[in-house]
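Descriptive analysis of the structure
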Amino acid sequence: MSEYYDRTGSTPTVLFDLVNHLRRTRPDLTFDIVASRNQYRGSKLLPFREDSDGVEITRLNTPKSNRPSTAVRLGAGFAFTAAATIELMRRPKHDVLLVVTNPPSLVMAARTLKALRGTPYVYLVHDLYPDVANVLGVLPRESRASRALASLQRQWLRSAARTIVLGRCMRDYVIRNYSVASDRIDVIPNWGDPEAIQPSTTSRFRSANDLDGIVALYSGNFGQHQDFDVILNAAKILQEKRSPIVVALAGSGAQKPRIMRRINEERISNVKVFPLAQRDDYSDMLAAADIGLVTLAGGAEGIGVPSKFYNILASGRPTVAVVAPTSEVALVLNEARAGLQVNPGDASALAEALESLANSQSDRAEMGTNARKVLVDRFTLDTIGESFYSTLVTAALRPT
């Protein structure tokens, strides 16, 4: 059977897992999915239509959005939005639409369906635009374009029957910056899979790549949201001190060429770069780490929450997170005592935090145990799926 989901992108993988879970646990829900034929990474075109265990999938033949040019990505997003609107208008009215922020324009399709048919929509905010572009310096916050986009975003958020955000920091940001009523926002975080990702004391990945000493691992997208300079600068401090800590970076993305250039030009020998492991090998890669790393660009708290954090929790490793103290990741780490928080940009503090954990096996063990426990208690799909179900039903029954 051909796959209707796209394992090369995080959003479609998350939605695939969520839909399959709800289909199994909540048979009163019927799903109708409209997606793209394109993979986020890769050139394979997926089938136009598919019935996957009772889930009806329609894929649209629109331009590929994963392009270096911002203008091309936005254009491809608008093309998909227009095609999705037309496709949905051909069908009987749905009880509720679930729309995500990738592409950023996609919510326009949901708002059009609400205006023309009265169909309520739930707005799942993974990344908030234009705020992401503001933080990255791509679009000045006070520019005319940014103000216009922020005005549209305010309308989209306020028009939603419910808005789902990934963390408390995002909830507070949306309330503060977009004046959305708190009782219309649901905080539903991402999750980890405690069955697929197991704590382990052995790792084929670690052995195959001769990773000795204490390994601090970042695994995921090398995107613009993340601050890799602080990791590289901390690694240089550790290198000068002849620390046994090795920093492993596993993944791909826009920043990878610059990361490699810095490593080579500055001879940062204690940083190793690898491709991201395939899904079946992912748990083994996480087991190679003694410490998990999470980082966000300064000012990005409230705009996104790294989903990789929940996989680190599942692996039973402590996390050192370079994030603001108010971020969801920092809040969970402090509540569960599952790791350490470091302020954005503070390479010295990051090096110190890594050394502190490297020098205390007992702290690593205790925090790792706490990490696994909080994942099982709060961040599994069984728990998160029920929250999604409640939100979707509430939106369908009480749309305004």
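One structure accompanies this document, and this report is about it. Small disclaimer: the values here were computed from a predicted structure and weren't measured. (Residues numbered from 1 in each chain as written. Predicted model: local features only at pLDDT ≥ 70, side-chain atom pairs only at ≥ 80, totals over all residues. Heavy atoms only, no water.)

**Notes on the overall build of the chain**
In terms of regular secondary structure, the chain is built from 15 helices and 13 strands. Radius of gyration (C-alpha) of the chain: 21 Å, near the 21 Å computed for a compact globule of 400 residues. Counting only C-alpha atoms, the chain reaches 65 × 45 × 40 Å along its principal axes. A buried classification covers 53% of the 400 residues belonging to the chain. Residue pairs at least 24 apart in sequence account for 71% of intrachain contacts in the chain once pairs closer than 6 positions are excluded. (Helix = DSSP H or I, 4+ residues; strand = E, 2+ residues; numbered from the N terminus. Rg over C-alpha atoms; globule rule 2.2 N^0.38 Å. Buried < 20%, exposed > 50% of the residue type's maximum accessible area, 1.4 Å probe, protein only. Contact = heavy atoms within 4.5 Å.)

**A word on the sheet that holds strand S6 (residues 162–165)**
In space, the four strands of this open sheet follow the order S4-S5-S6-S7, with parallel pairing throughout. Looking at the sheet topology across the chains shown, the edges are occupied by strand S4 (97–100) and strand S7 (185–187). Strand-to-strand twist of the sheet, defined as the mean angle between neighbouring strand axes without regard to direction, takes the value 25°. Relative to strand S5 (residues 121–125), S4 runs parallel, the two being bridged by four bridges. Considered in S5, the bridge of Leu-97 is made with Tyr-121. On the sheet, helix H5 (residues 144–159) packs against S5 and S6 and is oriented at approximately 125° with respect to S5. Its contacts with the sheet put helix H15 (residues 381–397) on S4, S5, S6 and S7, and the angle it makes with S6 is roughly 160°. (Pairing = 2+ DSSP bridges. Axes fitted to C-alpha atoms, helices over the stretch in contact; angles between N-to-C directions.)

**Section: the pairing of strand S8 (residues 214–221)**
Within S8, seven of the eight residues are buried, leaving the element largely enclosed by the surrounding structure. Taken together, the eight bridges between S8 and strand S9 (residues 245–252) define a ladder with parallel strand orientation. For Asn-221, the partnering residue across the bridge sits in S9 and is Ser-252. Relative to strand S11 (residues 291–295), S8 is paired through two bridges, and the arrangement is parallel. Bridging across to S11, Ala-216 finds its partner in Ile-291.

**Section: the sheet that holds S8**
The six strands are arranged S10-S9-S8-S11-S12-S13 in an open sheet whose pairing can be described as parallel. A strand with exactly one partner marks an edge of an open sheet, and here the two such strands are strand S10 (271–274) and strand S13 (339–342). This sheet shows a mean twist of 20° between the axes of neighbouring strands, independent of strand direction. Direction of pairing for S9 relative to S10: parallel, over a ladder of four bridges. Within S10, the residue paired with Ala-250 across the bridge is Phe-274.

**Focus on the pattern of salt bridges**
Under the counting rule described, the total for this entry stands at 23 salt bridges. Arg-171 is paired through a salt bridge with Asp-172; the nearest N and O atoms lie 3.1 Å apart. With relative accessibility at 36%, the residue Asp-172 sits in the partly exposed group. Across the pair Glu-366 and Arg-337 runs a salt bridge whose closest N-O atoms are separated by 3.2 Å. Here Glu-366 is found in helix H14 (residues 361–378), whereas its partner Arg-337 is found in the loop between helix H12 (328–336) and S13, with 29 residues between them in sequence. Its relative accessible area of 39% is what places Glu-366 among the partly exposed residues. The exposure class of Arg-337 is partly exposed, given its relative accessible area of 37%. (Salt bridge = Lys/Arg side-chain N within 4 Å of Asp/Glu carboxyl O.)

**Details of helix H2 (residues 70–89)**
The end-to-end C-alpha distance of H2, which contains 20 residues, comes to 29 Å, matching closely the 28 Å that a straight helix rising 1.5 Å per residue would cover. Within H2, the full set of buried residues consists of Ala-76, Gly-77, Phe-80, Thr-81, Ala-84, Thr-85, Glu-87 and Leu-88. The elements touched by buried residues of H2 are strand S1 (32–36), strand S2 (49–52), strand S3 (55–60), S4 and helix H3 (107–117). (Expected span 1.5 Å × (residues − 1).)

Functional significance is not addressed by these values, which are geometric in nature.
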